[in-house]
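Residues per chain are reported as follows:
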Amino acid sequence: MDYVKTDKKWNAYWENNKCHLFNEKNADNKYYIMEMWPYPSGANLHLGHWFNFGPADTFARFKKMQGKEVFQPMGFDAFGLPAENYAIKTGTHPHDNTLKNIKTMERQLCDMGAMYDWEHEVSTCFPEYYRWTQWLFLELYKKGLAYQKMAPVNWCDSCNTVIANEQVVDGCCERCGTAVVRKEMTQWFFKITEYADELLEKLDSLDWPEKTKTMQRNWIGRSEGSEITFDLPGRKDGITVFTTRADTLMGVSYVVLAPEKALVAEITTPEQKAAVDAYRAETAKASDIDRLSSAREKTGVFTGAYCIHPISGEKIPVWIADYCLGTYGTGAVMGVPAHDERDFAFAKKYGLPVKRVIKAESGEQSELPYCEHGVTENSDIFDGLKTKDATAKIQEHLSKIGKGGKKVNYRLRDWSVSRQRYWGTPIPIIHCPEHGAVPVPEKDLPVTLPYNVNFTPDGASPLRKSDEFMNTVCPVCGKPAKRDPDTLDTFVCSSWYYLRYPDNKNEKAAFNPALINKMLPVDKYVGGAEHACMHLLYARFIAKALRDMGYVKFDEPFTSLVHQGLILGPDGFKMSKNRGNVINPDTYVDEYGSDVFRMYLMFRFAFTEGGAWSDDGIKSIAKFLDRVERIVLKSHSEAKKATSAAQSGADKELAYALNYCIKAVSADFETFSFNTAIARLMELVNAMYKYEAASNSNYAYLRYVSTELIKLLAPFCPHVCEELHELTGGKGSVFNKRYPVCDEKALIKDELEIAVQINSKLKARIRVPSEADETTAKNAALDDENVIAALDGKTVKKAIYIRGRLLNLIV
RNA sequence: GCCGCCGUGGUGGAAUUGGCAGACGCGCCGGACUCAAAAUCCGGUGGUAGCGAUACCGUGUCGGUUCGACUCCGACCGGCGGCACCA
């Protein structure tokens, strides 16, 4: 069979006979499968896309053949930084490039032969879509879930612009090499922290990889502790710290503020100003990752200011140190050198007092720093209490005197959504000199992204330079006002796309809740593990927020999640243009056909593991399909000639092979174990050849097995199986047939082979009746000559019998 | 650095979740068919020793739990993903 020609024939057939697309009438029986959509930055679909989409489509086709009404949409995450940077570099326009790339990718996806519902295609960069992204922003704003605050960005002084983390190389701007500094800017945030507890709790109910759930749990990072306020003399506010070890409060010898906190400048004494300013400037150059590194030397500077210990009333010096981050907790920590590694090193370095306030429960004097739980000492009225009790007592006391108390803290931060870039969804806010930030009325949406904008970086959000865009009137007072010049993080666009697919043509609303509540949640979501913490958390948050607004009825958008592994370059490194190890899937598709290529990907790699690319043995898949074609066609032509269908013992064996294959393949689908599923199909084909080689082979039966084989194989190589289905007289699409179901009766065996071990070493294999109990198995084993020889007259003390597997005799 | 994952023959990967390590392929070796080659079909293939039955070793390294460990626990080595403006 010419696989490339077969691709074309059946792609055209599917195009003209929408035989396996979703039918809304049968939504009760829906199966919504979705792959993480591609980002159309490169001009082509890469191997990673193929590895994601090919197997996922195979799974979708399996569900279709199981009788599900499968909805498998596709779209493009079209806004984003790389498109903008590419345009800047080449002097082109991101809109034009993106549309061109989308066209190319659509063509490639069609070549792949996946059963996407193109009627439901969605792309984020079109006003028909981003109008509703803006609507979502406004809904969140109305609910108090969108707000503005100052937050740090990477700033390049030379380019005079904000730059992305990706563009920072060794602390310098990748374009010009200037040292990057952190700078505070006003930005929009979504209050994802409001949902921290639910995001954490509902993880338990999800059919997601355990590692992904663990990563999200750690990302949310819930910790129970205390908030403690140290007053600042002469000021109304104080310094509030978060700690999980309130029991060590009496051992505090200093307090540290994150250097970037605004408070620092306000409390620093004139004598310390120069040193503090210099330290703050230095800190602005370091990334959070560096600052959190425990290998980094602890540094800090005294501000000259003192705060008041809430219980002892002592004067406590206030320092700044870069290991304290402004974005975690309250941006301030208390220093207890005797009972914290880091504080101990810091205190030793700067000559701060070390006061022991915890001893081991056993009472022995351990070396400092002592960081374990224990019993309080030198703690005034709180002496002699275990960590848990001391914490509770101190919390109670603090809360009584209004200086803090029990507090739950999260590592999770609110989601920053403002981007000082052109190629994104404009933020639907108008800034009025009188009324402040005013939401754009819904009837005025979309706020259209203008085409003619100078988006080269020169100090401001690109949109700010477009008068036509910026100048508008305040919706409240009608006086001149300015639009928000920023665009939304592309993760906002992708946080709700699963809601738009089913209802993508809706011009009245983002989606029709009645339909969406029927279609959602997504039954299977397939995509990369790199999204474990951000995209997947954002999407969950948005679903919950919309639920609380009354738009949707479900709690979680993705019931079941699978990650494909990463396909590395032939050298074992991540594919990248810089490295020059990028593999283009098209060359293989053109040479072998998409079915062979798709199946090779599924057979070569474990889906969830991936691995380094190699085309070793890609021909073996074509060879296998040739083998399938030969036996299928031969069994059909021979069966016609045959006059009688003689029964034989071989039929029973082949029936076993067939049903075992059906059972194993069906189970493998559920775990995305495509490689082993294909191995089982190869075994079946081997069994068919063996059967055929037997002199008394029954072609009528072989023809039946062939028909089942075509159906079993169809999801893996859809074009080839449509062709075989037609060649063997099938009518219509093979995907309208039902997937074979295992006949358990055919799997019953009278006898099984089990292993016999003596002292856990394998000594023999014996055949026993399949229902044999321990005594029967033991007697059979003791009759075996290998066992007799190995026992060498020793007596059996104990036997461990695992039915159908092994018998271990301990002597 | 922190969080998460991975490590099995010459090679890609299997292993019913603590029960016969290496399924199914690739590669290699041998045979059949052929004038020959290709294609196809059949057989073999973890290592060491032995003619052989068989014995010993073997899942990154070291240790532990267990009748039994690729699987569980501890320490280490190597690789990968994420770390909040790449998506």
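To keep things clear, this report deals only with the structure shown in the data block. Values in this document were obtained by computation on a predicted structure and should not be read as measured data.

The rules behind these values
One numbering rule holds for all chains: residues counted from 1, following each sequence as written. For this description, chains carry letters from A and ligands carry numbers from 1, given in the order in which they are written. Only residues with pLDDT of 70 or above have their local features reported here, since the model is predicted, and side-chain atom pairs are shown and tallied only from 80 upward, although totals for entire chains, interfaces and linings are computed over all residues. With hydrogens and water stripped out, all remaining heavy atoms of the structure feed into the side-chain values. Any residue with an atom within 4 Å of a point lines the site, the site being either a cavity, points on a 1 Å grid over the protein atoms alone where a 1.4 Å probe fits but cannot get out, or a pocket, an open set with protein on both sides within 12 Å along at least 5 of 7 lines. Grid points are joined across faces, edges and corners, and a volume is the space filled by probe spheres set on the points. Helix and strand definitions here come from DSSP, where helices need a minimum of 4 consecutive H or I residues and strands a minimum of 2 consecutive E residues; each element is numbered from the N-terminal end. Throughout, the ten residues Ala, Val, Leu, Ile, Met, Phe, Trp, Tyr, Cys and Pro are labelled nonpolar, Asp, Glu, Lys and Arg are labelled charged, and all others, Gly among them, are labelled polar. Orientation is described by lines fitted to C-alpha atoms, with helices fitted over the stretch in contact, and by angles between N-to-C directions that extend from 0 to 180 degrees. These descriptions rest on fixed angle ranges, namely under 35 degrees for roughly parallel, over 145 for roughly antiparallel, 65 to 115 for roughly perpendicular, and the rest for oblique. Working rule for contacts: check all heavy atoms of both residues, and any pair within 4.5 Å makes them a contact. The pairing criterion for strands is at least two bridges between them, as found by DSSP. A 1.4 Å probe rolled over the protein chains alone gives each residue an accessible area, and that area as a share of the maximum for its type sets the label: buried under 20%, exposed over 50%, partly exposed in between. Definition of nearness: a residue and a molecule or strand are near each other if at least one heavy atom of the residue lies within 4 Å of the molecule or strand. Here a polar contact is recorded for every N or O atom pair within 3.5 Å, except that within protein the pair must consist of a potential hydrogen donor and a potential acceptor, and residues adjacent in sequence are included only if both atoms are side-chain atoms. Ring pairs are drawn from Phe, Tyr and Trp, using the six-membered ring of Trp, whenever the two centres fall within 6.5 Å, and their geometry is named by plane angle: stacked under 30 degrees, edge-to-face over 60, tilted for the rest. Consider the ring centre and the ring normal. A charge sits over the ring if Lys NZ or Arg CZ is within 6 Å of that centre and within 35 degrees of that normal.

A water-sized probe rolled over the atoms picks out the places where empty space is left. Applying the stated criterion across every chain, the model contains 1 cavity of 30 Å³ or more. If you add up the space inside the largest cavity, you get close to 100 Å³. Around the largest cavity, the lining comprises 14 residues; the ones closest to its centre are Glu 84, Thr 161, Arg 175, Arg 421 and Pro 457. Only helix 3 (81-90) and strand 6 (161-163) provide two or more residues apiece to the lining of the largest cavity. With 4 residues, the top contributor of residues to the lining of the largest cavity is helix 3. Taken together, the residues of the lining of the largest cavity sort by class into 7 nonpolar, 4 polar and 3 charged.

Next up on the list: the packing of helix 18 (residues 585-592) against helix 19 (residues 594-604). The contact between helix 18 and helix 19 brings their axes to 7 Å, and the two run at 125°. Considered as vectors, helix 18 and helix 19 are oriented oblique to each other. Residues Pro 585, Tyr 588, Val 589 and Tyr 592 of helix 18 pack against Ser 594, Val 596 and Phe 597 of helix 19. Residues belonging to the contact of helix 18 with helix 19 are distributed by class as follows: 6 nonpolar, 1 polar and no charged.

This part takes up the sheet that holds strand 32 (residues 798-802). Here 4 strands make up an open sheet; going across it, the order is 31-30-33-32 and the pairing mixed. Both outer strands of the open sheet, strand 31 (761-769) and strand 32, are each paired with one neighbouring strand and no more. Between one strand axis and the next, the sheet turns through 20° on average, direction left out of account. Two elements, strand 32 and strand 33 (residues 806-810), share 5 bridges in a ladder whose sense is antiparallel.

This paragraph deals with unusual backbone geometry. Residues Leu 368 and Pro 369 are joined by a peptide bond in cis, for which omega reads -5°. With respect to the secondary-structure elements, Pro 369 resides in the loop between strand 16 (358-359) and strand 17 (375-376). The phi angle at Asp 170 is positive, at roughly 50°, despite the residue not being glycine. Assignment of secondary structure puts Asp 170 in the loop between strand 7 (168-169) and strand 8 (172-173). Overall, the relative accessible area of 77% leaves Asp 170 in the exposed class. Positive phi, normally seen in glycine, also occurs at Ser 760, with a value near 70°. Within the fold, Ser 760 resides in the loop between strand 30 (751-758) and strand 31.

In the sheet, strand 21 (residues 429-432) pairs with strand 22 (residues 436-439) via 4 bridges, with the strands oriented antiparallel. Within strand 22, the position partnered with Cys 432 by the bridge is Gly 436. With antiparallel pairing between neighbouring strands as the criterion, strand 21 and strand 22 make up a hairpin whose turn holds 3 residues. As paired elements, strand 21 and strand 24 (residues 480-483) share 2 bridges and run antiparallel to each other. Within strand 24, the residue paired with His 431 across the bridge is Lys 482.

Okay, the protein's contact with RNA strand B next. The immediate surroundings of RNA strand B are formed by 67 residues, with Asp 77, Arg 421, Arg 604, Arg 765 and Arg 805 found nearest. Atoms of RNA strand B within 4 Å of the protein: sugar and phosphate make up 65%, bases the balance. The side chain of Arg 627 places a nitrogen or oxygen atom 2.4 Å from a phosphate oxygen of RNA strand B. Note that a base nitrogen of RNA strand B is positioned 3.1 Å from one of the side-chain N or O atoms of Arg 680. Tallying contributions element by element places helix 22 (residues 674-693) first for the surface near RNA strand B, with 7 residues. A breakdown of the residues in the surface near RNA strand B according to their chemical character gives 25 nonpolar, 21 polar and 21 charged.

It is worth spelling out the packing of aromatic side chains at this point. The final tally for this structure, using the stated rule, is 57 aromatic pairs. A centroid spacing of 6.3 Å and a plane angle of 70° characterise the contact between Trp 37 and Tyr 501, whose relative ring orientation is edge-to-face. Placement of the pair is Trp 37 in the loop between strand 1 (30-35) and helix 2 (47-65) and Tyr 501 in the loop between helix 15 (497-500) and helix 16 (513-519), with a sequence separation of 464 residues. Each member of the pair Trp 37 and Tyr 501 is classed as buried. Note on Tyr 195 and Phe 541: the rings are 5.6 Å apart at their centroids and 65° apart in plane angle, and the pair reads as edge-to-face. You can see Tyr 195 sitting in the loop between strand 9 (180-190) and helix 6 (196-201) and its partner Phe 541 sitting in helix 17 (residues 535-548), a full 346 residues away along the chain. The side chain of Arg 61 reaches across the aromatic face of Phe 735, ending 4.5 Å from its centre. Its guanidinium or amino end placed over the ring of Tyr 689, Arg 627 lies 4.1 Å from that ring's centre, counting from NZ or CZ.

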